[in-house]
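Structural description and commentary
If you want the building blocks of each chain, they are given just below.
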Amino acid sequence: MVDLAKPEDLLHGDVVVLACGTWNTGGSEGQLSPHMHVYLRDTAKDVDLKGRSFAVIGLGDERYFYTARAGQYLKQFVEQHGGSLVVEPLKIVNEPYGQEETVRAWAKTLLPHLQ
Ligand SMILES: Cc1cc2nc3c(=O)[nH]c(=O)nc-3n(C[C@H](O)[C@H](O)[C@H](O)COP(=O)(O)O)c2cc1C
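Residue numbering note: each chain is counted from 1, following its sequence as written. Residue-level local features of this predicted model are given only where pLDDT is at least 70; pairs of side-chain atoms are given and counted only at 80 or more, and the full residue set underlies all totals for whole chains, interfaces and linings. Side-chain calculation: all heavy atoms of the structure are included, whereas hydrogens and water are not.

As for the side chain of serine 33
We count it as follows: The helix count covers DSSP runs of H or I at least four residues long, the strand count covers runs of E at least two residues long, and both are numbered beginning at the N terminus. Relative accessibility under 20% of the residue-type maximum defines a buried residue, over 50% an exposed one, and the middle range a partly exposed one, all with a 1.4 Å probe and only protein chains included. In what follows, residue pairs with any heavy atoms lying within 4.5 Å of each other are defined as contacts.
Topologically, serine 33 is positioned in the loop between β2 (31-32) and α1 (34-43). Of the residues examined, serine 33 reaches a relative accessible area of 15% and is grouped as buried. Apart from residues no more than four positions distant in its own chain, serine 33 is found in contact with Cys20, Gly21, Trp23 and Thr25.

Right, here's the structure in full:
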């Protein structure tokens, strides 16, 4: 639960996976979900991610113009704080049912980065 997370939680493990639904936080569409917004913009805004590895997952719904754009903001946060993505961002649009193969294929690219 990101509302309980501390900045230093981003510094543990081989790879930290950040995942977030896309919301209309602050009024316009295509934003981070409210708790992730607060965490990245306030709670963890000064964290140094140099040398740290990440993977990001953006969730969303095709009814919206900025479909699953939260993933882009997660990527931006990681890179702006000196971290790097070890795999391509995963985007999950609409219900995840039937998308298991996409998730499995993505997870396979992540696996070698876990020790
Ligand atoms: C208030 C609200 C705004 C949303 N805005 C977007 C959006 O701009 N783009 C998008 O792709 N999905 C949008 N969605 C769909 C959510 O991203 C999707 O339902 C989400 O992945 C479900 O995860 P959650 O229940 O953790 O939010 C929105 C959903 C809600 C409730």
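Remarks on the site of the ligand
The condition is simple: Whether a residue is near a molecule or strand is decided by its heavy atoms; if any one of them lies within 4 Å of it, the residue is near. As used in this structure description, the phrase polar contact means that two N or O atoms lie within 3.5 Å; if the pair is within protein, one of them must be able to donate a hydrogen and the other to accept it, and residues adjacent in sequence are counted only when both atoms belong to side chains. Throughout, the Shrake-Rupley method with a 1.4 Å probe supplies accessible areas, and for residues the shown protein chains are the sole cover considered.
Close contacts around the ligand come from 13 residues, with Thr22, Trp23, Gly30, Asp61 and Ala68 the closest. Here an oxygen atom of the ligand and a backbone polar atom of aspartate 61 are 3.0 Å apart. One of the backbone nitrogen or oxygen atoms of tyrosine 66 is found 3.2 Å away from a nitrogen atom of the ligand. Bound to the protein, the ligand loses 65% of the 630 Å² it would expose on its own. Elements supplying a minimum of two residues to the shell around the ligand: β1 (16-23) and β3 (53-60). When residues of the shell around the ligand are assigned to their parent elements, the largest contribution, 3 residues, is made by β1.

A look at the packing of aromatic side chains
Operational definition: Stacked, tilted and edge-to-face are the three classes applied to pairs of Phe, Tyr and Trp rings, where Trp contributes its six-membered ring and a pair requires centres within 6.5 Å; stacked means planes under 30 degrees apart, edge-to-face means over 60, and tilted covers the rest. In this scheme, the term charge over a ring applies when either NZ of a lysine or CZ of an arginine sits within 6 Å of the ring centre and within 35 degrees of the ring normal.
Applying the stated criterion to the full structure yields 1 aromatic pair. When the ring of phenylalanine 65 is compared with that of tyrosine 66, the centres are 4.9 Å apart and the planes differ by 85°; the resulting orientation is edge-to-face. Classification of phenylalanine 65 as exposed rests on a relative accessible area of 69%. Residue classification places tyrosine 66 among the partly exposed positions, given a relative accessible area of 36%. The ring of tyrosine 73 carries the charged tip of arginine 41 above its face, separated from the ring centre by 5.7 Å. We note arginine 69 situated over the ring of tyrosine 66; from NZ or CZ to the ring centre the distance is 4.0 Å.

Quick word on unusual backbone geometry
In this structure, alanine 68 is a non-glycine residue whose phi angle is positive, near 55°. Along the polypeptide, alanine 68 turns up in the loop between β3 and α2 (70-80). In this model, asparagine 94 sits at a positive phi of 70°, which is unusual for a non-glycine residue. Its place among the elements puts asparagine 94 in the loop between β5 (90-93) and α3 (100-110).

Focus on the pairing of β3
One face of the sheet, then the other: side chains in a regular strand alternate in exactly this way. Note the cut-off: Strands were regarded as paired on the criterion that DSSP finds at least two bridges between them. If the strands point away from the viewer and the path from the first strand over the helix to the second runs clockwise, then the crossover is right-handed.
The buried fraction of β3 is high, at 6 of 8 residues. Sheet analysis places β1 next to β3, joined by 6 bridges and oriented parallel. Residue pairing in the sheet places leucine 18 in a bridge with valine 56 of β3. The sheet contact formed by β3 and strand β4 (residues 84-85) spans 2 bridges and is parallel. Bridging from a neighbouring strand, serine 53 pairs with serine 84 of β4. The handedness of the β3 to β4 crossover, carried by α2, is right-handed.

Examining α2
So the rule is basically this: As used here, the arc belongs to the directions running from the helix axis to the C-beta atoms.
For α2, every residue scored as buried is listed here: Ala70, Gly71, Tyr73, Leu74, Phe77 and Val78. Considered in projection along α2, the buried side chains sweep an arc of 165° and stay on one side of the axis. Opposite the buried face of α2, at more than 90 degrees from it, the exposed residues are Gln72 and Gln80. Next to the buried residues of α2 lie β1, β2, α1, β3 and β4. In the segment just after α2, glycine 82 is the residue with positive phi, at about 90°.

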